[in-house]
Amino acid sequence: MSRLLLDGWHVVLGIETHAQIKSRQKLFSSASTSLLTHPPNTTFNVVDAAFPGTLPKLNPKCLFLALRASLALNCDIQQRSSFDRKHYFYSDLPSGYQITQHYAPIATDGYLTLPTLGRKIRIKQIQLEQDTAKSIFDPQTRTSLIDLNRAGAGLLEIVTEPDLQSPDEAAEYVRALQTTLRAVGACDGNMDTGSMRCDVNVSIHRPGEPFGTRCEIKNLNSVKFMVAAINCEIARQKALLMSSRIVPQETRGFDHHRWDTYKLRSKEDAPEYRYMPDPNLGILHVSVAQIQQVMDSLPPFPDALRKRLIDTYEAFGVTQTAIDVLMGLDTGRDIGYDGEDNINLDETSYQDPDMSAVAYFENVCANKDRDPKDVINWILHSLHGQLSTNFTSKRITPYQLGELIDLVASNRVTRPSGKLLLRHMLTDPSITLETSVQQLAVNLNLIAMSSSSKDDLQSVCVRAVNALPDEVAALRAGHYNVVNKIVGWVMKETKGRADAKTVREIVLVLVKT
Amino acid sequence: MNRGVTKQLWTGLRCLYTSSTRTISSSSNQAFLDKNSSINAFVCTNDAVEYSGDHFPLGNVIIGVKDNICTSKLPTTCSSAILQGFLPPFNATVVKLLEDAGAVMLGKTNCDEFGMGSLNVHSVHGSVVNPFQHPSSTLAWENRERRSAGGSSGGSAAVVAAKICDAAIGTDTGGSIRLPAAYCGVVGLKPSYGLLSRWGVVSYADSLDCVGIIAKDISTTKRVFDVLNVHDERDPTCTNRSIRREASHAVEIQLKSWSNLKERNLHGIKIGIPEEYFPFELSGSVVKNTRSTIVSLKSLGATIVPVSLKSTSFALSAYYVIASAEASSNLARYDGIQYGLHIKPPLGADLTKTSKIYAHTRSKGFGSEVQKRILLGTYSLTADSFDNYFLQALRVRRLVRDDFDRVFRMSNVRVSNQIANADGVDVLMHPSAIRTAPLLDGEEDSSGLEAYVQDVLTVPASLAGLPAISVPITNKEDDGWPVGISIVGQWGCDDMVMKIGEVIESLNSNL
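The model shown is predicted, which means the values in this text are computed figures rather than measured ones.

What counts and how
Residues numbered from 1 in each chain as written. Chains lettered and ligands numbered in written order. Predicted model: local features only at pLDDT ≥ 70, side-chain atom pairs only at ≥ 80, totals over all residues. Heavy atoms only, no water. Helix = DSSP H or I, 4+ residues; strand = E, 2+ residues; numbered from the N terminus. Rg over C-alpha atoms; globule rule 2.2 N^0.38 Å. Buried < 20%, exposed > 50% of the residue type's maximum accessible area, 1.4 Å probe, protein only. Core = buried A, V, L, I, M, F, W, Y, C linked by side-chain atoms within 4.5 Å. Contact = heavy atoms within 4.5 Å. Buried area = accessible area lost by both parts, 1.4 Å probe. Salt bridge = Lys/Arg side-chain N within 4 Å of Asp/Glu carboxyl O. Polar contact = N/O pair within 3.5 Å; in protein donor to acceptor, adjacent residues only side chain to side chain. Nonpolar A, V, L, I, M, F, W, Y, C, P; charged D, E, K, R; others polar. Pairing = 2+ DSSP bridges. Axes fitted to C-alpha atoms, helices over the stretch in contact; angles between N-to-C directions. UniProt positions renumbered as here; feature names shortened; annotations may be inferred. Domains from an automatic or database assignment.

1. What about the overall build of chain A?
Along the backbone of chain A there are 15 helices and 16 strands. The C-alpha atoms of chain A give 31 Å as radius of gyration, which overshoots the globular expectation for 513 residues (24 Å, by more than 25%). Overall, chain A is about 100 × 55 × 50 Å in size when its C-alpha atoms are taken along their principal axes. Per-residue burial for chain A yields a buried fraction of 53% across its 513 residues.

Here it is, written out as structure tokens:
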């Protein structure tokens, strides 16, 4: 693999991501997981506080989501993995050890494809582990305040091989990881709330030379800080190497006030974690059947979904941009806690609480007589435009929108009337999901005139010509654009039921004679 | 024993007996109190005892609970200063099961700190004194010879031997039930690992810790065992229902084939005598009594065969590495922050590291034996020694288990595809202790090597997770102090070891 060259240096980056598992309960205790809004020390139990006599018990939902993430990242799921205790004394660790998967992680050897560059970034391993509590040091009283809400929450540690070559690639990797984990409901991916944190290993070397000594930058909690930290670190290491000094192996932090990295500890100070297999949790067995079950339950990955939509609908004139906008409508629609489905792609069950925009679109397109390009335009421009909220299928069913599209496509309702009808359906509280759109169009007198009687339209046009003598004169004098004003008068008079093209033709004939 | 506790015991007994059909005079009440102050077995008693009624499975059964098993009504100190006064917010599953079955919990029993020790002398509550006195002694009982009750469940064995309780529960990590039972002359069962829930049992070494039962006889042991022998969701090491069924089914078939057991006909039963369990240090009286019991069993028709368990000599080292490593990990939580003892660092103390702040509490709160094992365990887990000590110990542990699987007739239901040994033995039998209870204040100090030699007899069954029961046998030799014989069975054969134990029990009553 040829590497990117930055000012004559190769940059080698590896990322370890800690992603909080989106489960209702913690990894080994039945206490609820917490949000930042929870008051301190309200979501923990005796297991999280490491009371004597308590024992851990693996939450199967966390395992399920870990398996989903592992499959989404193309990893080999290990049928036998195990848990280890990592020991250190710190106030945010009540038991004195963190349970992690040091010796035998749950999944190994995967990859994540960078969407724009198309390059595969190898995932070395994924391990399940516990989050720590939070300790906040109060410098005034010189005491540490401890909040156990986060203690024992489930984390996925996702470790890449040193495959990333630039800060931009690192940023793209993290964004793609966020999207992927969100898509399978394993993590909400929010770095600003601490749901995802990254440690980055950085080294640089001259082409043809072996990898340089790496430094690890800990706990980066935004993509912006991560890019900045990597740039600072590259500059620092470059300066050292250019002045013929060596880069000592270190763990560093990033100070976003000074916008620079700083030394946390050197390799010599690396803690002795005394890893020991956890004697309570034993071997974690995952059967082939279990893996298959998780695979069957996987929601579509964004990449695969996008590709399928393009393959299916581009031929009908649906643009990639339109598909991206459509998929974009679903970004706020995360999978629920414990991987529970909110999205339902089953085309027959639109009565489901709510559908994604993609499912809605495909549901309307299921009728092969409809033009997908037309359908997507209706959804993106009319329906979504008039829904003053996020996209929802709860206001107008795909069946109703299909009915409306059919009425317009068959010229029984003009396009402006159709839009009016749609707006009416969204605002009139008497309209239900069972209301027939065709009946509504009749009731509201919105059936196009062209399809009722052409003579009616003729007479309205005659009245228009009579009512607008100045415009008729101008038109006769050769000012063609004025015809629109006359057509507009007719459209207004017919409340949009007239077909503008037909009106135009009639008006031109009337004026000329 | 302090005055406060004595008073509590008094109230507890009063509550117990006012509603009981049993009657007891105030003079015998006083006798109980005197008894306890002489054996120092209860460290705290229940002053709100409720009598349940005979219709409960354990109605009227008076129970003591080792002080490392969580009780929400009584403090749980593990005999450690670091947990002095600690009141758990929940009951251990075994405590709940006992209460639901109508057992009357009288109080918490003394033990070695966190279960570490074999003489019950490493306790913040002081040593337990063995209640035994030879019938021929002319001394007042209070002035009897002060001998150890054994450990770590010394208090549990002593309250049963002193006839204060019908049964007591304790824990056995490397012999902590069987040894005190043998020293005190009562029955002690360490069940198969994973049968009895450990939720609420304060961990010493999770992979070895078992809740066990000490009782006056096997039928009481069995009654308590049957109540506690249920699956518990909250203990991840608790054996699942299907393996339980498989094991009990196999044992049932085997026991049915010995239908004449009741008539003390032992034909068809093969008892293995492991040669490695008769070390040089074994006292003469123990050897003689064990031999005479074996001879009696043979005369009843049992087939006695010598067997060899080659890995036994390595078992002790493996045990100490594993138990200490797990202990160093399990005891890391006692930092004085969430609960228990907290020692404020003195002015000017080094506060640069969290561990330096915790050190003050931990140095003060842990006794010397606990500190010794934490240090040993910490060392064996360091990156440099992990492979040579901990991993090596795990390998030895597997060899020990394989040794047992080879000699038993029953196959180990926890190991798949194991080929049963048709010529194998049903149970193994060996002395529970290398000697009778040692003197408490004597020269033979517990810190010496003797305590470790003793462990050779009990730790292999712990490493393999096998059921083992110590049954008292009559000591016709020298001092007449209690001697116990151990019966070890294949995993899940708890009923079998108890059945054979009953035969030995009947030998005693016949003599």
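On we go from here.
2. With respect to the nonpolar core
Core analysis: the biggest nonpolar cluster contains 126 residues, and Phe114(B), Ile169(B) and Phe404(B) have the highest contact counts within it. At ten residues, helix H9 (residues 312-330) of chain B tops the list of elements feeding residues into this core. Every residue in contact with Phe404(B), bar those within four places of it in the chain, is listed here: Tyr277(B), Leu309(B), Leu428(B), Pro460(B), Ala461(B), Ala464(B), Leu466(B) and Val488(B). One finds Ile77(A), Val202(A), Ala229(A) and Val294(A) within the second-largest nonpolar core, a separate group that totals 67 residues.

3. A closer look at the interface of chain B and chain A
In this assembly, 39 residues from chain B lie in contact with 30 residues from chain A. Buried surface at the junction of chain B and chain A, both sides included, amounts to about 2,900 Å², of which 63% is carbon and sulfur. The tally of links between chain B and chain A comes to two salt bridges. Linking chain B with chain A are 15 residue pairs in polar contact (both at pLDDT 80 or more), by the criterion used here. Secondary-structure elements contributing two or more residues to the side of chain B that touches chain A are H9, helix H10 (354-365) and helix H11 (368-381) of chain B. Across the side of chain B that touches chain A, the residue classes break down as 19 nonpolar, eleven polar and nine charged.

4. As for the sheet that holds strand S6 (residues 107-113) of chain A
Residues and elements named next belong to chain A. The strand order across the open sheet formed by nine strands is S2-S6-S7-S10-S1-S11-S12-S13-S14, and the pairing between neighbours is mixed. The open sheet terminates on both sides in strands that have one partner only, identified here as strand S2 (76-77) and strand S14 (260-266). Bridge analysis of S6 against strand S7 (residues 120-130) gives six bridges, and the strand direction is antiparallel. Looking at the pairing, Thr113 lines up with Lys120 of S7. Strand contacts of helix H1 (residues 60-72): S2, S6, S7 and strand S10 (154-160), with the helix running at about 175° to S7, the strand carrying the most contacts. Packed on one face of the sheet, helix H2 (residues 167-183) meets strand S1 (10-20), S6, S7, S10 and strand S11 (196-205) and runs near 25° to S1.

5. Digging into the UniProt feature "active site" (unreviewed entry) in chain B
Residues and elements named next belong to chain B. With numbering matched to this structure, UniProt assigns "active site" (unreviewed entry) to Lys66, Ser152 and Ser176. Spanning 111 residues, the named residues nonetheless gather at one spot, since no C-alpha pair among them exceeds 11.1 Å. By secondary structure assignment, the location of Ser152 is in the loop between strand S3 (104-109) and helix H4 (154-161). At a separation of 3.4 Å, a polar atom in the side chain of Ser152 contacts the main-chain carbonyl oxygen of Gly115. Summarising the element assignment, Ser176 is placed in the loop between strand S4 (167-172) and helix H5 (178-184). Those residues in contact with Ser176 that lie beyond four places of it in its chain are Lys66, Gly115, Gly117, Gly151, Ser152, Ser153 and Thr171.

6. Considerations on the domain arrangement of chain B
Residue and element names in this part refer to chain B. One can read the domain layout of chain B as domain 1 (3-130 + 146-228) and domain 2 (244-309 + 425-484 + 492-510). Between domain 1 and domain 2, the contact holds 37 residues from the first and 40 residues from the second. For the domain 1 and domain 2 pair, buried surface summed over both sides reaches about 3,200 Å², with 59% attributable to carbon and sulfur atoms. Among the residues of domain 1 in contact with domain 2, Arg147, Tyr183 and Ile218 are the three that bury the most area, contributing 24% of the side total. Linking domain 1 with domain 2 are three salt bridges. For Asp479, the salt bridge goes to Arg147, with nearest N and O atoms at 2.9 Å. On the surface where domain 1 and domain 2 come into contact, there are 20 residue pairs in polar contact (both at pLDDT 80 or more). Taken together, the elements giving at least two residues each to the side of domain 1 that touches domain 2 come down to H5, strand S5 (187-190) and helix H6 (218-228). In terms of residue count, H5 provides more of the side of domain 1 that touches domain 2 than any other element does, five residues in total. Considering only residue class, the side of domain 1 that touches domain 2 consists of 17 nonpolar, 13 polar and seven charged.

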